[in-house]
Amino acid sequence: MTQLKNTKPINLLLSLIYLAVVMALATELSVAFSVLLGFLCVWNLAITLTNKKKPHTILANILAGLCLLFLLYDVGLGDTVTLFVAMLILSSLFKLLQARNKKHYQTIVLLSFFSLSTVYLFSQSLLSTLLVSVLYILNFAALMLIESTHKIKLAVKQSTKMLALALPIAVFLVIFLPKLPAFWQLPGPKLAKTGLSESVNPFDIAKLSRSDELVFRAKFSNTNKPNAPYYWRAIIHDQFDGSTWLVSDFSKQQQRSQIADAPNAPLLSYSIIAEPSSQPWLYGLEQAYSNSENIKATQQGLLIRKRYLNNTINYAVTSANFSADALNISSRNQNLQVDNSALNNVQTRDLAYELYKTTNSDKVFFNKLSTYFLKQGFSYTLTPDPMTSSSAIDEFMFNKKRGFCGHYASAAAMMFRTVGIPARVVSGYLGGELNEQDNYLSIYQYDAHAWVEVYIENEGWQIFDATAVVSPERLTGSLSQIDSLSGEFTNNLNFSLLRFNQIPGFNWLRLNLENLDYTWTNWVLGFDQQKQSSLLKKLFGANQLWKIALFSLLVLISIFLSYFIYLNWPKNTKQNQHVMSHYFLEITTWCDKHGLKAKANITPLHYLSLAANEFPKKAAYFAEFASLYSKIRYKEDYFTSQDKKHGRDLVKLIKTNS
Amino acid sequence: MKKIYILKKLKNTLMAFLLKDKHDGSELVLKHNTIYVLPSKMGCGFLTIAILNFILGINYQNNLILAMAYLMFVVLVLAILVGYSNMNGLTIQFKSAHSHYSPISPQLDFVINPKKDCQSLQFIYSQQTILTQEIIKKRTRLTVSLPHAERGRYAIKKFKILSQYPFGLVSVWSYMNLKHTVFVYPEQLPPKANSMNAINSGTEKGNVKLRNGTDEFEFLAIHQQGMSLQRVSWKHYAKTQQLMIKEFEDLSAEQRAFDFANLMGTTESRLSQLSYLVTQANVKGQAYSLKLDGKMFTYNKGTEHLTTCLEALSCYGDTIEDTE
């Protein structure tokens, strides 16, 4: 098998590529496994840098087997995509640790072309795209190093050149080649993302950890923008077990089978670009409906992804008011269900009965409860005390009186149900940060919210949000913009630019990056079949398929043809001339001007000695130049940049110092 | 066995038909009708990965993966263009062939004249890479050694001149069909002691008149280490303090007859001994004859005679020469 001479730079490049890939995927893998992969990269890097021998094949194979067992234990068979990616990277790394000949290295480089693509399964942000692009360049450089003994720098330069030419063509192809529908259903990777949960139990949480991860963006048309507050509904929890609110089997059944018809009187329409998520729940206002092919719209006005959790999804939504139709019996029963244990939360139940007794009307009770929360000294906090007793709601309502949305929603929904008013907890997001330039809302993970929907006879479902009563600022805009909570809020965030919100420069930077990301998501990631066909329609008119095909073909052919002509264009001979010859030519023209007459066919050294005689003042320079010339041109010494400078200086001295 | 033979023959006929005689002759200019381009094995692997990426991109409706797949296709096309241009305009001239004694392989001299820089040029001969040249910027002389180390006569087979620049994804190649023969002469082995007698006796039988000039030496030569002291001219030494050797006519220009049949050992060993004797005789300027089974090469001197004899030794035992 062919041995390679420059294994060192190849190993260096490949180790770095895999180190970067492992770091990019670290959030999706467990810490232990990421560390293991990182260690393998560093091991290979260390072997390369210290010129040590690669580990013995048997040792490496045993280690690989152990690592595979660990991987199976760590990731499990459930998450096939992550398992596959992890196995791919693991095997590539062990192959690298054992690679000895040309064929091995070629296999690894080929595998890494695939490994690099898998990074996009988990993250498609601008940042990871930049990272992967750089890694692509390095991978091509490694491929080049396998074929020739270039230096790393030269190989990277050449592969950058090649990709700089190829990338625009590839982008052109993405835009103009017709997009095919998916061939078959593949499992999506399970993303390690925070997000809404199907169960709401706020009472044992001491610190609401919040992330500044983007959840989705909503773009309204300029004319038809609804007023705040925006309650983005995602999940309905209609089952209460005394402490936790869950999605009932009844609802799940409904969501699986029934799909709603388009509402009769849509109030507003808008589009949403949702980020990848680990949950199928999507977002909409009130009774939302979408006819996008990847989305199910449920009877309750929720939107659910059909597939591909890992993808950014772009959909158009129409929203209508909740219908005032009467609830059917089974829905009604589901929304009245309270846990059976009469011993729990007795105080709160008694309070509910008492408030209801004096009114006997659902609507009045609704208002009375609002007033109760307002008057009784409740406050909003992100760091509540944990309440762990079996009567946690009692503890919250009468002792602590501090909590976040989950506490208020949980308590209020239970009280409504106690007095026989159908109610359910809804979780989703509240508000959003408005980008005035492009008129879209960005909704982040820290905007997550829970509230109550109450069914009032003849009016339909109504939003009851005790949090809003306690902390009214929460209703307008995003949580990030509430001054009173900013300290508490930023303390709960992981490190991010949001921490520096108060510094104007940083906020400007953050908003601009945010804008860039919006454009990226909207135009690059969201460029789907629909967008493509509307773009092509704009450019070529409707039903002009042959025009598009002809145009694409002509563009491709002309690009390749002109590149081919450029490659085969005869090189300019002047470029080939040695710098020293060029200097010599300068000297002869100068000498000619100053009256040196020499025969045409004498050697340069002879000419220089003649010139030295003719201009005795500069004889030393001529002699020095002659020695430099003979060293470079005749002895074929290596031409250093120092020599070049020296030559140039001599030419200058000869020409100027008259 | 026969099937394989037929297939091989069919392949050769097909190749001959396709290539016609464009690649014959000692000078080859690489241009559109003499350059062949196909994806290499690595290129096929690359294409497979590109298709996998394409399927991944389509199925996950992921524009970025799709763009990467297209990027790989485009790079493959560009690699073909760059690879072709790398070889285009290259002139390859065959200069000369040098036969050597076994185990040194015969060598061929080429002069390569590129139109522009030519990278990663390989010479492939009967499926072995025998030379890799990193970069050729100007007119360059290249010497390649053929992978033949055994005694024999070899008709030079078709050369493949290949470059997989820039990424090893495409093979760009051409052929050079030299109608030349090279020899690997038998290794030189000094004859065994009792063989010497046979040779010496052969000398007498050879019907050559030996001049009896034991005293009438022709000229004096400077004594060199290891020479016998018997022939030192002591008279000369007394005069000039310099050791001189009397070179006699009959020693320097002795005529010798070498016969395969008179030597001891296996066929190969006998050939090796003859190779040694013939070469030594040539060095000493002696005339010699060589008898090889049925063939007889009469007394002669000179490089040409030596070459004829060595070539005869190289082909010894060859049946019908295969002229592939």
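## A few points about the overall build of chain A
For chain A, the helix and strand inventory stands at 23 helices and 17 strands. For chain A, buried positions account for 34% of its 658 residues.

## Considerations on the overall build of chain B
Along chain B, the regular secondary structure elements total eight helices and 17 strands. Within chain B, the fraction of its 324 residues that count as buried is 31%.

## Some remarks on the nonpolar core
Among the nonpolar cores identified, the biggest contains 119 residues, and Val21, Ala141 and Ala142 of chain A are the most heavily contacted of them. Sorting elements by how many residues they give to this core places helix α3 (residues 63–87) of chain B first, with 16 residues. Among the nonpolar cores identified, the runner-up in size contains 78 residues, and Phe216, Trp245, Phe366 and Met387 of chain A belong to it.

## Digging into the sheet that holds strand β9 (residues 152–155) of chain B
All names here are of chain B. Spatially, β4-β12-β9 is the arrangement adopted by the three strands of the open sheet, whose pairing is mixed. Sheet topology places β4 (100–101) and β9 at the edges, where each strand pairs with a single neighbour. In this sheet, strand β12 (residues 181–185) lies alongside β4 in parallel orientation, the contact comprising two bridges. In the sheet register, Tyr101 faces β12, and the bridge partner there is Tyr185. The strands touched by helix α8 (residues 302–314) are β9 and β12; relative to β12, the strand with the most contacts, the crossing angle is about 85 degrees.

## Brief notes about helix α17 (residues 529–540) of chain A
Its 12 residues give α17 of chain A an end-to-end C-alpha distance of 16 Å, which sits within 8% of 16 Å, the value for a rise of 1.5 Å per residue. Phi turns positive one or two residues past the end of α17 of chain A, at Gly541 of chain A, with a value near 85 degrees.

## Notes on the interface of chain A and chain B
By a widely used convention, the size of an interface equals the accessible area lost when the partners come together. Chain A puts 44 residues into the contact, and the matching count from chain B is 39 residues. Looking at the side of chain A that touches chain B, the elements that each hand over two or more residues are α5 (102–122), α6 (126–147), α7 (152–176), α16 (504–525) and α18 (545–568) of chain A. It is α7 of chain A that contributes the most residues to the side of chain A that touches chain B, 10 residues altogether. Of the residues in the side of chain A that touches chain B, the class split is 31 nonpolar, 10 polar and three charged.

## Digging into unusual backbone geometry
Note the cis peptide between Ser102 of chain B and Pro103 of chain B, where omega equals 5 degrees. Relative to the assigned elements, Pro103 of chain B resides in the loop between β4 and β5 (107–113). Each neighbour pair has its own omega, and for Tyr165 of chain B with Pro166 of chain B the value is 0 degrees, a cis peptide bond. If you trace the backbone, Pro166 of chain B turns up in the loop between β10 (159–163) and β11 (170–176). For Asn51 of chain A, which is not a glycine, the phi torsion comes out positive at approximately 60 degrees. Along the chain, Asn51 of chain A turns up in the loop between α2 (31–49) and α3 (57–75). The class of Asn51 of chain A is exposed, set by 7 C-beta atoms lying within 10 Å. Unlike most non-glycine residues, Ser120 of chain B shows phi in positive territory, near 50 degrees.

## A short note on the domain arrangement of chain A
Each assigned domain of chain A is listed with its residue range as follows: domain 1 (7–176), domain 2 (202–507), domain 3 (529–568) and domain 4 (574–655). Relative placement of domain 3 of chain A and domain 4 of chain A: their C-alpha centres are 55 Å apart.

## Describing the domain arrangement of chain B
All names here are of chain B. Here the domain parsing of chain B yields domain 1 (2–185), domain 2 (186–207 + 253–316) and domain 3 (216–249). For domain 1 and domain 2, the distance between their C-alpha centroids amounts to 43 Å. At the interface, nine residues of domain 1 touch 10 residues of domain 2. Of all the elements in the fold, those that place two or more residues in the side of domain 1 that touches domain 2 are β9 and β12. Ranked by residue count, the leading element in the side of domain 1 that touches domain 2 is β12, at three residues. The residue inventory of the side of domain 1 that touches domain 2, partitioned by class, reads five nonpolar, two polar and two charged.

## Observations concerning the sheet that holds strand β10 (residues 313–320) of chain A
By way of backbone hydrogen bonds, the strands of a sheet pair with one another, either parallel or antiparallel. All names here are of chain A. Judged by pairing direction, the sheet is antiparallel, and its six strands sit side by side in the order β7-β10-β5-β1-β15-β14 without closing on themselves. Each edge of the sheet is formed by a strand with only one pairing partner; in this case those strands are β7 (287–289) and β14 (433–435). For this sheet, the mean inter-axis angle between neighbouring strands, taken without regard to orientation, is 30 degrees. As paired elements, β7 and β10 share three bridges and run antiparallel to each other.

## Topic: the environment of Phe94 of chain A
All names here are of chain A. Mapped onto the fold, Phe94 is located in helix α4 (residues 80–98). According to the C-beta neighbour criterion, Phe94 is buried, with 20 such atoms within 10 Å. A C-alpha to C-alpha distance of 48 Å links Phe94 and Asn291, two positions 197 residues apart in sequence. With residues near it in sequence (within four places) discarded, Phe94 still touches Ala60 and Ala64.

## Observations concerning the environment of Asp649 of chain A
All names here are of chain A. Relative to the helices and strands, Asp649 is located in helix α23 (residues 641–656). Owing to 13 C-beta atoms within 10 Å, Asp649 belongs among the partly exposed residues under this scheme. Residues Asp649 and Phe625, 24 residues apart in the sequence, show an inter-C-alpha distance of 9.8 Å.

## With respect to the confidence of the model for chain B
Residues and elements named next belong to chain B. Per-chain confidence: chain B averages 80 in pLDDT, with 80% of residues scoring 70 or above. Throughout residues 201–216 the model reports pLDDT below 50, and contacts reaching past four residues in sequence, or to other chains, amount to 15 contacts. Low pLDDT, under 50, characterises residues 320–324; the stretch is placed with five contacts to residues that sit more than four places away or in other chains. Interface confidence in the predicted complex, given as ipTM, is 0.74; pTM for the same model is 0.72.

## Describing helix α2 (residues 41–59) of chain B
At 3.6 residues per turn, the α-helix brings residues three or four places apart onto the same side. The end-to-end C-alpha separation of α2 of chain B is 27 Å, in line with the 27 Å expected for 19 residues at 1.5 Å each. Looking only at α2 of chain B, the buried set comprises Met42, Gly43, Phe46, Ile49, Ala50, Asn53, Leu56 and Gly57 of chain B. Angularly, the buried residues of α2 of chain B cover 135 degrees about the axis, an arc narrow enough to put them on a single face. Away from its buried face, by an angle of more than 90 degrees, α2 of chain B presents the exposed residues Cys44 and Thr48 of chain B. In the core, the buried residues of α2 of chain B are packed alongside α5 of chain A together with β2 (36–39), α3 and β11 of chain B. Looking at the residues trailing α2 of chain B, positive phi occurs at Gln61 of chain B, about 45 degrees.

## Looking at the pairing of β10 of chain B
Residues and elements named next belong to chain B. Within β10, four of the five residues are buried, which leaves the element mostly enclosed by the surrounding structure. Pairing of strand β6 (residues 118–125) with β10 involves five bridges; the strand directions are antiparallel. Across the sheet, the residue bridging to Leu121 is Ser163, located in β10. Across five bridges, the pairing between β10 and β11 is antiparallel. Across the sheet, residue Ser163 finds its bridge partner in β11, namely Val172.

## What about the packing of helix α7 (residues 267–284) of chain B against α8 of chain B?
Residues and elements named next belong to chain B. The interhelical angle for the contact between α7 and α8, taken along N-to-C directions, is 175 degrees, at an axis separation of 10 Å. Taken together, the axes of α7 and α8 lie roughly antiparallel to each other. In this structure, α7 uses Leu271, Leu274, Ser275, Val278, Thr279 and Asn282 to contact α8, whose residues at the interface are Leu306, Cys309, Leu310 and Leu313. Class assignment for the residues of the contact of α7 with α8 results in seven nonpolar, three polar and no charged.

## Remarks on the environment of Leu173 of chain A
All names here are of chain A. The residue Leu173 is located in helix α7 in this model. Exposure remark for Leu173: the 19 C-beta atoms within 10 Å place this residue in the partly exposed category. Taking the C-alpha atoms as reference, Leu173 lies 8.0 Å from Ser552; in sequence the two are 379 residues apart.

Reading guide: rules and limits
Starting afresh in each chain, residues are numbered from 1 along the sequence in its written order. Going through the entries in the order they are written, you letter the chains from A and number the ligands from 1. This being a predicted model, a pLDDT of at least 70 is required before a residue's local features are given, and a value of 80 or more before pairs of side-chain atoms are given or counted; all residues contribute to the totals for chains, interfaces and linings. Each helix is a run of DSSP H or I of at least 4 residues and each strand a run of E of at least 2, with the numbering of both proceeding from the N terminus. To sort residues by exposure, count the other C-beta atoms lying within 10 Å of each residue's C-beta; 20 or more gives buried, 12 or fewer gives exposed, and values between give partly exposed, all with C-beta atoms placed from the backbone. Among buried residues, those of type Ala, Val, Leu, Ile, Met, Phe, Trp, Tyr and Cys that are joined through C-beta atoms within 7 Å form a set called a nonpolar core. Strand pairing is assigned whenever DSSP detects at least two bridges linking the two strands. A residue pair is marked as a contact if its C-beta atoms, positioned from the backbone, fall within 7 Å. The convention used is that axes are lines fitted to C-alpha atoms, helices contributing only their stretch in contact, and that angles between N-to-C directions extend from 0 to 180 degrees. Helix span, expected: 1.5 Å multiplied by one less than the number of residues in the helix. Here the term charged refers only to Asp, Glu, Lys and Arg, the term nonpolar to Ala, Val, Leu, Ile, Met, Phe, Trp, Tyr, Cys and Pro, and the term polar to all other amino acids, Gly among them. Note: domain ranges come from an automatic or database domain assignment. One number per residue, pLDDT, summarises how confident the predictor is, and it ranges from 0 to 100. Throughout, the arc means that of the directions going from the helix axis to the C-beta atoms. Here is the rule for angles: anything less than 35 degrees is roughly parallel, anything more than 145 is roughly antiparallel, 65 through 115 is roughly perpendicular, and the remaining ranges are oblique.

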